[in-house]
Every structure is written in structure tokens, then in C-alpha cells.
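Observations on chain architecture
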Amino acid sequence: MHEQGMQQDETPMTEMWEKLTDDQKKTLMKRMLDGKIMMKEGMIKHFQFKIETLKMVKKMLDES
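Residues numbered from 1 in each chain as written. Predicted model: local features only at pLDDT ≥ 70, side-chain atom pairs only at ≥ 80, totals over all residues. Heavy atoms only, no water.

**Considerations on the overall build of the chain**
- Helix and strand content of the chain: 2 helices and 0 strands.
- Taken over 64 residues, the chain has a buried fraction of 0%.
- Total accessible area on the chain is roughly 6600 Å²; 62% of this is exposed by carbon and sulfur atoms. (Helix = DSSP H or I, 4+ residues; strand = E, 2+ residues; numbered from the N terminus. Buried < 20%, exposed > 50% of the residue type's maximum accessible area, 1.4 Å probe, protein only. Areas by Shrake-Rupley, 256 points an atom, 1.4 Å probe, with all protein chains shown as cover.)

**Concerning the pattern of salt bridges**
- Overall, the coordinates contain 1 salt bridge when judged by the stated rule.
- In this structure, Asp62 and Lys58 form a salt bridge, with 3.8 Å as the shortest nitrogen-oxygen distance. Linking Asp62 with Lys58, this pair stays in helix H2 (residues 22-63), spanning 4 residues, or about one helical turn.
- The class for Asp62 is exposed, based on a relative accessible area of 56%.
- Lys58 gets classed as exposed once you look at its relative accessible area, which sits at 55%. (Salt bridge = Lys/Arg side-chain N within 4 Å of Asp/Glu carboxyl O.)

**Notes on a nonpolar patch on the surface**
- On the surface, Met39, Met43, Phe47 and Ile51 cluster together into a nonpolar patch covering about 390 Å² of accessible area.
- As for its position among the elements, Met43 is in helix H2.
- We classify Met43 as partly exposed; its relative accessible area is 39%. (Patch = residues over 30% accessible without salt bridge, like charges linked within 9 Å, V, L, I, M, F, W, Y side chains within 5 Å.)

As C-alpha cells, this is what we get:
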């Protein structure tokens, strides 16, 4: 049942993809990759912030 839902969702996307020119496909693929890169960079920043916070808490506990 889950696979049927995915197939239904993909159908309009597949039809749209077939109508695009090669330049449009290239632009869309670049944009999708940029989105994934931005998401991963956001995750990295989040984890860096978490690490800094945990280090700060550890330092505060060591000092008390």
C-alpha cells in the first residue's frame, strides 16, 4: 500500500521532468543539490553549537 502512494506522488513529477529541457533539468538538479548541501551545513552548525554548549557546561561543572 505504501508503494502505491509513492507511485502516485511520483507520476506528476515524472511527467514534469519529461517536459523539461536539458538546461532546465540541469538547473533543477543543481538547485536540489544546493538544497541538500545547505541542509547538511545546517546540521553541522547545529552539532557544532551543541558541542560548544556541552563543553561550556563541562567547564562550568569542573570549576564548581
